Amino acid sequence: IVVLIALTVLDLIPIGKRYLNENNFVEQTNIDDEFAMTDADRMIKQDPDHKNFRIYNTDDPYNNAKPSFHHNSVGGYNLAKLAIYQDLIEHQLSKGNMRVFDMLNTKYFVIQNPQTGAPIPQQNPGALGNCWLVKNIQFVNNADEEMKALDNFNPKDTAIIDKRFQAKVKGDPQFDSSAYIKLLENINDTVRYEFNAASNQFAVFSEIYYDKGWNAYVDGNKADYVRVDYVLRGMSLPAGKHNIEFRFEPESYKRGNTISLWASIIGFMALLAALFMDIKKKKIV
């Protein structure tokens, strides 16, 4: 056993040092300085709603991870972007489509001051917020047409939906000037909203569509939601006052927890059985 441990250590340490060695460690102060807030960051954080909107930093927006340290960011660096979001970057955001920035609730753009070069925030009055009710639904034949429709549309009034989801859309929205929907809470794996209207409505949520684990509930009952505007979530809502909730509940995670629980129970029972048999054997002897 001692020889085996020694051989394992002698094998692993030199290999490990190729990937993680003294040169990979830096002083804490260096990290703090790297992510120190700029004056623009401080100004944005003074907004009382700063946790619920997004910003867009024009300085290398899709390779710069620093803005995401302090804010919810439309850009940022990530090797594992969802394909639909990468499509949106290539076909809309990179072309500066303000309507698409609006539907992503981009409340501030951080630009460079032409005189000093320092970053400064500019507020976007067109940001649509976390959720809104549309007046019209436009169905298109496929994802390509859905993306093309984003070239010229008003996300505040119209939701663009692929016909694949049409069966889950329950009728056209009926205009109601007193209708409203608002965000109550967003804690990553759970997002809650409040809705009230005298007629049936269709809501758009400024959250990325991902059906591999995100489930929707209306008053605690599971409900259908669809992909709208190529990347967002949308849902038909009945008249009345309702609580809406999105929960991240991937089946793979639940299944893994169940397997882990039963494996622990079986292992514990096997241990107890082994102890019992050992004690019983000693008593016989």
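For the structure itself, look to the data block above.
Anyway, here's the lowdown on the structure attached to this text. (Residues numbered from 1 in each chain as written. Predicted model: local features only at pLDDT ≥ 70, side-chain atom pairs only at ≥ 80, totals over all residues. Heavy atoms only, no water.)

Some details on the packing of aromatic side chains
For the coordinates displayed, the defined rule picks out 13 aromatic pairs. Grouping aromatic residues by their ring pairs yields a cluster made of Phe165, Tyr193, Phe205, Tyr209, Tyr225 and Phe246. Across the ring face of Tyr230, the terminal group of Arg227 is positioned such that the distance to the ring centre comes to 4.9 Å. Over the ring of Tyr217 we find Arg247, and its NZ or CZ is 3.9 Å from the ring centre. (Phe/Tyr/Trp six-rings, centres within 6.5 Å; stacked < 30°, edge-to-face > 60°. Lys NZ or Arg CZ within 6 Å of the ring centre and 35° of its normal.)

Quick look at the pairing of strand S6 (residues 136-140)
Alignment of S6 against strand S7 (residues 158-162), held across 5 bridges, turns out to be parallel. Paired with Ile137 across the strands is Ala159, a residue of S7. (Pairing = 2+ DSSP bridges. Helix = DSSP H or I, 4+ residues; strand = E, 2+ residues; numbered from the N terminus.)

Observations regarding the side chain of Asp176
Mapping Asp176 onto the fold places it in the loop between S7 and strand S8 (180-186). We note that Asp176 is buried and unpaired, the nearest opposite charge coming from Lys135 at a distance of 12 Å. Of note is the side chain of Asp176, whose polar atom sits 2.7 Å from the backbone nitrogen of Ala198. (Buried < 20%, exposed > 50% of the residue type's maximum accessible area, 1.4 Å probe, protein only. Lys, Arg positive; Asp, Glu negative; His and termini not counted. Salt bridge = Lys/Arg side-chain N within 4 Å of Asp/Glu carboxyl O. Polar contact = N/O pair within 3.5 Å; in protein donor to acceptor, adjacent residues only side chain to side chain.)

A short note on unusual backbone geometry
Backbone geometry places Asp60, a non-glycine residue, at a positive phi of 50°. Under the relative-accessibility criterion, Asp60 is labelled partly exposed at 41%. We note that Asn105 has phi near 55°; this positive angle belongs to a residue other than glycine. Topologically, Asn105 is positioned in the loop between helix H6 (98-103) and strand S3 (106-112).

As for the sheet that holds strand S1 (residues 54-57)
Ordered in space as S2-S1-S3-S4, the 4 strands form an open sheet in which the pairing is mixed. A strand with exactly one partner marks an edge of an open sheet, and here the two such strands are strand S2 (72-73) and strand S4 (119-123). Where S1 and S2 come together, 2 bridges link them in parallel fashion. Looking across to S2, one finds that Arg54 is bridged to Asn72.

Considerations on the sheet that holds strand S12 (residues 221-223)
Two modes of strand pairing occur in sheets, parallel and antiparallel, and in both the strands are linked by backbone hydrogen bonds. Here 5 strands make up an open sheet; going across it, the order is S8-S9-S15-S11-S12 and the pairing antiparallel. Bordering the open sheet on either side are S8 and S12, each of which pairs with just one other strand. Strand-to-strand twist across the sheet, computed as the mean angle between neighbouring axes with direction ignored, equals 30°. With 3 bridges joining them, strand S11 (residues 214-218) and S12 adopt antiparallel strand pairing. Of the residues in S12, the one forming a bridge with Val218 is Asn221. (Axes fitted to C-alpha atoms, helices over the stretch in contact; angles between N-to-C directions.)

Observations regarding the environment of Lys135
Relative to the helices and strands, Lys135 resides in the loop between strand S5 (131-134) and S6. For Lys135, a relative accessible area of 47% puts it in the partly exposed group. Taking C-alpha positions, Lys135 is 28 Å from Phe248, a pair spaced 113 residues apart along the chain. Here Lys135 is in contact with Asp157, Pro173 and Phe175, once residues within four sequence places are set aside. (Contact = heavy atoms within 4.5 Å.)

A closer look at the side chain of Asn124
As for its position among the elements, Asn124 is in the loop between S4 and S5. Take Asn124: its relative accessible area is 9%, and that puts it in the buried class. Only 2.9 Å separates the side chain of Asn124 from the backbone oxygen of Thr106, close enough to count as a polar contact. There is a polar contact of 3.0 Å between the side chain of Asn124 and the backbone nitrogen of Gly126. Excluding its chain neighbours within four sequence positions, the residues that come into contact with Asn124 are Met98, Asp102, Thr106, Lys107 and Phe109.

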